[in-house]
Amino acid sequence: MSELKLMKGNEALAEATIRAGADAYFGYPITPQTEIIEYLMTEQPEKRTGMVVLQAESELAAINMVYGAASTGKKVMTSSSSPGISLKLEGISYMAGAELPGVIVNVVRGGPGLGTIQPSQADYFQSVKGGGHGDYKLYVLAPSSVQEMSDFVEDAFDIAFKYRAPVLILSDGLIGQMMEKVYLKDQKPRLTNEEVIEKYGDWAVTGKKGRERNIITSLDLQSEKMEARVRRLMKKYEKMEKEDMRFEKTLCDDADYLIVAYGSSARISQKAVELGRKKGIKIGLLRPITLFPYPKQPLFELANQVKGILSVELNAGQMVEDVRLAVEHKIPVAHFGRTGGIIHTPEEILEALEQKIIK
Amino acid sequence: MTEEIIIAGFGGQGVLSMGKILAYSGIMQDEEVSWMPSYGPEMRGGTANVIVILSNERISSPYLKVFDTAIILNQQSMDKFQSTVKPGGVLLYDPNGITIHPTRTDIKIFQIEGNKLAVDMGNTKISNMIVLGAFLKIKPIVKLDNVIEGLKKSLPERYHHLIPLNKEAIAKGMDNLMSFKVNEPSLS
């Protein structure tokens with residue numbers, strides 16, 4: 001039985017975290033994602049499941065609390081918005097290096113710097129092209145509805161533990177602040193240490209009684225060993241690309257033109273597709289659900305069918321680079337997007353497609 | 001049926017909560033809904049607006065440029081959103097504090113004295129429900145029973161004793177809706 005509610009994206013994500021059987025959340029408030037910690041504090045999950053919720057003294061403290069708790073095999077989350085995520089990047093790189101599972105949520109606002117509190121997708125590069133230092137990647141899920149803000153929490157934890165790697169949920173101020181219907185999943189129990197070992201292996205630091213000691217670290221001063229570690233990470237990312245890449249196609253079968261958009265931009269673009277089809281222009285929409293792994297192959301195939309692609313993003317042109325790489329310059333690819341917290345309208349998107357691609 | 005609405009006014013006038021009650025009412029009759037606020041540094045006294053969509057189909061964009069209905073509660077919002085009503089659409093406004101009245105002749109315009117009637121009822125906080133009542137008189141997109149159910153869902157239980165007052169306010173709004181005729185420009 002699932003429960004139907006009207007919730008903000010941020011609230012739905014917070015409730016889903018409790019219901020996914022998370023062990024802890026560590027965070028620090030920042031608009032437009034403060035409802036996450038606010039909801040968790042009000043809900044007091046320690047009384048419902050024993051889950052710990054703690055407001056850290058800073059974003060740095062929060063991500064390092066995640067590192068510590070994840071080292072013990074616990075399901076842990078932290079969330080922030082753009083400037084706060086910049087602060088967390090050191091910890092995220094360390095988690096990737098130390099092969100720790102954990103879920104990080106970024107409800108993106110406009111940047112650079114302190115920028116604005118309004119919605120943006122200008123953290124695409126930061127999310128999929130490293131962000132922190134070293135050879136690592138994040139598995140990135142991009143929800144485009146309140147329902148997905150809820151559903152992706154459990155998916156994110158599953159991936160994080162499957163690969164022993166940090167996972168990013170990349171949302172934005174629009175999806176975080178809006179309310180929609182959401183069907184909440186049933187409460188899952190938190191796992192015991194024994195259950196974690198049985199399900200995901202005996203790697204965590206839980207007290208070495210009866211076994212060799214486990215070591216969690218991202219440091220390896222022997223180059224050969226460090227290279228072996230990097231190769232192991234790369235194998236994980238290859239496996240993610242093979243097994244866990246996700247995307248959604250809408251009206252692509254007969255499309256002459258394609259819009260590529262994720263998250264909030266995908267929702268607005270969907271309306272642009274409807275408006276275009278009413279005018280007799282056959283537009284399709286490809287929505288990457290995972291930004292890494294990126295749906296390169298589906299895009300490559302669509303490039304044999306459509307005459308041109310518009311990448312719609314709330315930024316100055318970031319994902320468009322990956323679209324161009326995926327289609328290998330077979331067809332024209334252009335970017336359209338607003339910045340500074342301004343949200344593009346469906347009409348603007350259609351106009352941009354007509355001017356930049358259809359001509 | 002899809003109804004795309006913008007509600008706009010000062011923060012503290014109950015703009016966001018009117019939208020939330022409308023969205024909840026939609027859920028009560030099994031519709032798809034979205035509620036997209038202009039969140040920002042504005043608090044009480046600043047401007048606030050929310051886009052509410054009710055539909056029997058999956059809602060694509062929660063953010064729109066043009067609307068079937070604009071519900072306007074202050075002058076700034078009138079200046080900003082009068083032009084966003086689709087031709088043939090509805091503009092409903094509270095004339096309290098409005099000095100420059102709407103001028104479009106290709107839309108249907110209505111007035112509701114939400115603020116004044118709320119003062120008469122002895123509770124200024126209820127003005128948004130009077131306006132909601134007036135809107136439902138123009139466009140009965142949700143049943144009154146479902147609004148009451150929606151209220152029960154969106155209000156914390158400690159406020160449930162106020163539901164009869166809300167019901168009364170909605171009725172007041174329905175009874176006091178006035179249509180507004182734009183004067184042809186005169187040369188005098």
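Look a little higher up for the structure.
Residues numbered from 1 in each chain as written. Chains lettered and ligands numbered in written order. Predicted model: local features only at pLDDT ≥ 70, side-chain atom pairs only at ≥ 80, totals over all residues. Heavy atoms only, no water.

Chemist: Describe the sheet that holds strand β14 (residues 333-336) of chain A, and please don't skip the residues or the numbers.
Modeler: All names here are of chain A. Reading across the sheet, the 5 strands line up as β9-β11-β10-β13-β14 and stay open at both edges, with mixed pairing between neighbours. The sheet is open, and its two edges are formed by β9 (247-250) and β14, each paired on a single side. Strand-to-strand twist in this sheet, taken as the mean axis angle between neighbours without regard to direction, amounts to 20 degrees. Where strand β10 (residues 257-260) meets strand β11 (residues 283-288), 4 bridges bridge the pair, whose relative direction is parallel. Across the sheet, the residue bridging to Val-260 is Leu-286, located in β11. Across the sheet, helix α13 (residues 319-327) is in contact with β10, β11, β13 (308-312) and β14; its angle to β14 comes to roughly 165 degrees. (Pairing = 2+ DSSP bridges. Helix = DSSP H or I, 4+ residues; strand = E, 2+ residues; numbered from the N terminus. Axes fitted to C-alpha atoms, helices over the stretch in contact; angles between N-to-C directions. Contact = heavy atoms within 4.5 Å.)

Chemist: Pulling in residues and values, what's your account of helix α7 (residues 146-163) of chain A?
Modeler: Given a rise of 1.5 Å per residue, 18 residues ought to cover 26 Å, and the 26 Å separating the end C-alpha atoms of α7 of chain A matches this to within 8%. Of the residues flanking the end of α7 of chain A, it is Arg-164 of chain A, one or two places downstream, whose phi is positive at about 50 degrees. (Expected span 1.5 Å × (residues − 1).)

Chemist: Break down empty space enclosed by the protein for me, citing the residues and quoting the values.
Modeler: This structure, assessed with the given rule, holds 7 cavities of 30 Å³ or more. Taken as a whole, the largest cavity encloses approximately 70 Å³ of empty space. Lining the largest cavity, in full, are Gln-13, Leu-73, Asp-94, Asn-96, Asn-115, Ser-127, Asn-128 and Val-131 of chain B. Among the elements that take part in the lining of the largest cavity, helix α4 (residues 127-138) of chain B stands out by supplying 3 residues, more than any other. Counted by class, the lining of the largest cavity contains 2 nonpolar, 5 polar and 1 charged residues. Taken as a whole, the second largest cavity encloses approximately 60 Å³ of empty space. What lines the second largest cavity is simply Ala-16, Arg-19, Ala-20, Ser-150, Val-153, Glu-154 and Lys-185 of chain A. Those elements that provide at least two residues to the lining of the second largest cavity are α1 (9-19) and α7 of chain A. Of all the elements, α7 of chain A adds the most residues to the lining of the second largest cavity, at 3 residues. The residue inventory of the lining of the second largest cavity, partitioned by class, reads 3 nonpolar, 1 polar and 3 charged. (1 Å grid on protein atoms, 1.4 Å probe; cavity = no way out; pocket = protein on both sides within 12 Å on 5 of 7 lines; lining within 4 Å. Points joined across faces, edges and corners; volume = space filled by probe spheres on them. Nonpolar A, V, L, I, M, F, W, Y, C, P; charged D, E, K, R; others polar.)

Chemist: Run through α13 of chain A, naming residues and quoting values.
Modeler: Residues and elements named next belong to chain A. Restricting attention to buried positions, one finds in α13 the residues Met-319, Val-320, Asp-322, Val-323, Ala-326 and Val-327. Taken end-on, α13 shows its buried residues confined to a sector of 160 degrees, consistent with a single buried face. In this structure, the buried residues of α13 make contact with α6 (124-128), β10, β11, α12 (296-302), β13 and β14. Trailing α13 by a residue or two, Glu-328 shows a phi angle of about 50 degrees, which is positive. (Buried < 20%, exposed > 50% of the residue type's maximum accessible area, 1.4 Å probe, protein only. Arc of directions from axis to C-beta.)

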